[in-house]
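The residues making up each chain are set out below.
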Amino acid sequence: MVGMSEDGGATKRRGCACSKEDFLPEDSFRNWGSYVAALSETGPRLKDRLLTRSLDATELNEVRARSQHEMKRNLSWWDLIWFGIGAVIGAGIFVLTGLQANGVSGPAVVLSFVVSGVSAMLSVFCYTEFAVEIPVAGGSFAYLRVELGDFMAFIAAGNILLEYVIGGAAVARSWTSYFATLLNHDPEDFRIHATSLSPDYSHLDPISVVVIAVVCTLAVLSTKGTSRFNFVASIIHVVVIVFIIVAGLTKADTRNFTPFTPFGVRGIFKSSAVLFFAYVGFDAVSTMAEETKNPAKDIPIGLVGAMSITTLAYCLMSATLCLMQPFREIDADAPFSKAFEAVGLGWAKYIVAFGALKGMTTVLLVSAVGQARYLTHIARTHMVPPWFAKVHPRTGTPINATVAMLVATAVIGFFTDLGILSNLLSISTLFIFMLVAVALLVRRYYVSGETSDPDRNRLVACLALILGSSIATALYWALDEKGWVGYVVTVPIWFFSTLALHLFVPMARQPRLWGVPMVPWLPSASIAINIFLLGSIDAKSFMRFGVWTVLLLVYYFTIGLHASYDTARESTDPTALKKVEEGDSKGDSTVSTAKVVNE
């Protein structure tokens, strides 16, 4: 079947076939000769992609149209709040709290949740402005493509996908642990120990695979149906959380808060970096912007509301846990269940285990919805095969992307230990959130064709100083446990570079519908705290992160670069496309054409 593309050209509309054309339809992959020729042009093509920036309207119209079918707009701010609660409150609070309180931060784990929550809230504000202005399924990938260009967007995209796969795998393994607790078994009883494998990968978890398969089925059927299920399940979850807080506080002993900071300030921040895992998931809500009825109203209320409720719940729950038991006695695998058992409320552990299982199920479900939409939008740009971009005409959901992501999640969850997953997840997430904050500053202070060269240079200098001082602070924190002189240098550099950006670089753009307050201070603070928390993560996790980044670059230079380069030049009017890709406002005629074609 042949139909008109968004740029007016002919585009093949294929059915369910899985041929080479579904995965590598671009000119660079027609034959080996074309591929060798494309590889020989890697340098110029990379330069083109490094300098290329997309338009808001390009993402909203032309790129979105490549899925062939529209996603259904049927979500309200109420749906988004419950999606946010369902996406976030899960394995992080029910599993990692015990691990961190027991051996890293003590009762001060409450402050660790506050620090992580502040960092997450700053990122929520940055995400919200983008999601309102560019309400597409691509989330941070689309935002970075518009402001920082194709190459940085791809690096972020790889880490976004890693974040979701690892996050889902970690939650699925935690689901097995609490399921075992619910049935009066040890958390490891339902796993298979393969002694021939490395210790970190030898505890095989078949139950996690079954749970992921069920979640995958629900996610592909209907987004609105998923929302209804999540709403009901999240209400039950809130009731369980209230029960944990109220029942736990009846057994509170303030003496358990002494000493409050047994591991010092460093322990608080080390826990904050790992506990950031507990806030991962809200970015999945931003990927649903394409399916909201009124993005300008629904997204700010949904995202900020969900994060506020979540942060309050985490602080109250962690405080309750530490008041119930001395921190040294808190169980690392199932802390809340074991705590109730220890204070003589053994029957309550079943309610806790049930609530934890429900919470982890909704986290997996919302994560499945979010990760599929990320992959869909990335595939629309052909950085990954366009087969993943297809939206099913009946369900209005990206079935191919959903299944592919959850298969990868199931494989990782089957083999990998939770400790490895949580640290690696935090690196990817903090890195992405930092990039989104940088992109927001670029968006506010730089518009192609309007910002003067001196203003652009001042912006670059200020951003370089903000990033450099933040990295230096994090490195000093990681390498010198008792020093303080370095902070006297790095922190003022961050402050004065942000002040210089505020005073000496004119703002080039104001948000049309909803904007982050206190720019540039709020996004600059988001950059600083995200990078600082990265400095508290162990070296082995950074090594694994480095391996993943190398694999991403190998794929990009051999496939992704050439596929996206060809796709960007498939327009029948190369001049108009060039204007759009560079962010020239005069390219709006192309956008208008796309809108007409879509309608």
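Keep in mind the model is a prediction, meaning the values are calculated, not measured. (Residues numbered from 1 in each chain as written. Predicted model: local features only at pLDDT ≥ 70, side-chain atom pairs only at ≥ 80, totals over all residues. Heavy atoms only, no water.)

Caption draft 1: Structural context of the overall build of the protein. Helix and strand counts for the protein come out as 24 helices and four strands. Of all 599 residues assigned to the protein, the portion counted as buried reaches 60%. For the protein, the share of sequence-separated contacts (at least 6 apart) that also reach a separation of at least 24 residues comes to 84%. Accessible area for the protein stands at about 22,800 Å²; split by element, carbon and sulfur atoms hold 68% of it. (Helix = DSSP H or I, 4+ residues; strand = E, 2+ residues; numbered from the N terminus. Buried < 20%, exposed > 50% of the residue type's maximum accessible area, 1.4 Å probe, protein only. Contact = heavy atoms within 4.5 Å. Areas by Shrake-Rupley, 256 points an atom, 1.4 Å probe, with all protein chains shown as cover.)

Caption draft 2: Here's a closer look at the packing of aromatic side chains. For the structure shown, the criterion picks out 27 aromatic pairs. Look at Trp32 and Tyr35: their rings are 6.1 Å apart centre to centre, the planes differ by 70 degrees, and that puts the pair in the edge-to-face class. Of this pair, Trp32 and Tyr35 are both found in helix α2 (residues 32-40), three residues apart, which corresponds to roughly one turn of the helix. Each ring, one from Phe269 and one from Trp477, has its centre 5.4 Å from the other, and the planes form 75 degrees; the classification is edge-to-face. Placement of the pair is Phe269 in helix α12 (residues 264-275) and Trp477 in helix α19 (residues 453-479), with a sequence separation of 208 residues. Under the relative-accessibility criterion, Trp477 is labelled buried at 9%. One aromatic cluster is present, built from ring pairs that chain together Phe151, Phe154, Tyr555, Tyr556 and Phe557. Above the ring of Trp477, the side-chain terminus of Arg266 is found at 3.9 Å from the ring centroid. (Phe/Tyr/Trp six-rings, centres within 6.5 Å; stacked < 30°, edge-to-face > 60°. Lys NZ or Arg CZ within 6 Å of the ring centre and 35° of its normal.)

Caption draft 3: How the structure looks around the environment of Met507. Here Met507 lies in the loop between α20 (485-504) and α21 (521-534). For Met507, a relative accessible area of 31% translates into the label partly exposed. With 63 residues separating them in the primary sequence, Met507 and Arg444 have C-alpha atoms 5.8 Å apart. Contact partners of Met507, with chain neighbours within four places excluded, come to Arg444, Tyr445 and Val519.

Caption draft 4: Local environment of the nonpolar core. Formed by 154 residues in total, the largest nonpolar core has its most connected members in Phe94, Phe113, Tyr178 and Phe282. No other element matches helix α16 (residues 348-380), which puts 17 residues into this core. (Core = buried A, V, L, I, M, F, W, Y, C linked by side-chain atoms within 4.5 Å.)

Caption draft 5: Structural context of the pattern of salt bridges. Following the criterion strictly, the structure yields 15 salt bridges and no others. One continuous salt-bridge network, built from bridges that share partners, spans Glu133, Glu147, Arg443, Arg509 and Arg512. (Salt bridge = Lys/Arg side-chain N within 4 Å of Asp/Glu carboxyl O.)

Caption draft 6: Local environment of a nonpolar patch on the surface. On the surface, Leu465, Trp484, Val485, Val488, Val489 and Ile493 cluster together into a nonpolar patch covering about 590 Å² of accessible area. Considering the arrangement of structural elements, one finds Val485 in helix α20. (Patch = residues over 30% accessible without salt bridge, like charges linked within 9 Å, V, L, I, M, F, W, Y side chains within 5 Å.)

Caption draft 7: Quick look at the environment of Ile93. Along the polypeptide, Ile93 turns up in helix α6 (residues 91-105). Counting along the chain gives 242 residues from Ile93 to Pro335, while the straight-line C-alpha distance between them is 9.5 Å. The residues touching Ile93, leaving out its near neighbours within four places in the chain, are Phe113, Ala278, Tyr314, Met317 and Phe336.

Caption draft 8: Spatial organisation of the side chain of Thr42. One can find Thr42 in helix α3 (residues 42-51). Within the local environment of Thr42, its side chain forms a polar contact with the backbone oxygen of Leu39, the two atoms lying 2.6 Å apart. Not counting residues up to four positions away in its chain, the partners in contact with Thr42 are Phe557, Leu561 and His562. (Polar contact = N/O pair within 3.5 Å; in protein donor to acceptor, adjacent residues only side chain to side chain.)

Caption draft 9: View of the packing of helix α5 (residues 77-88) against helix α14 (residues 295-324). Running from N to C, α5 and α14 cross one another at 35 degrees; their axes reach a closest spacing of 8 Å. As α5 packs across α14, the resulting crossing turns out to be right-handed. Where α5 abuts α14, its residues Trp77, Leu80, Ile81, Gly84, Ile85 and Val88 lie against Lys297, Asp298, Ile299, Ile301, Gly302, Ala306, Ile309, Thr310 and Tyr314. Here the contact of α5 with α14 is composed, by residue class, of 10 nonpolar, three polar and two charged. (Axes fitted to C-alpha atoms, helices over the stretch in contact; angles between N-to-C directions. Left-handed = near helix turned anticlockwise from the far one by under 90°. Nonpolar A, V, L, I, M, F, W, Y, C, P; charged D, E, K, R; others polar.)

Caption draft 10: Inspection of the side chain of Ser337 at higher detail. Mapped onto the secondary structure, Ser337 falls in helix α15 (residues 335-342). When sequence neighbours within four positions are dropped, the list of residues in contact with Ser337 reads Tyr178, Thr181, Lys349, Val352 and Ala353.

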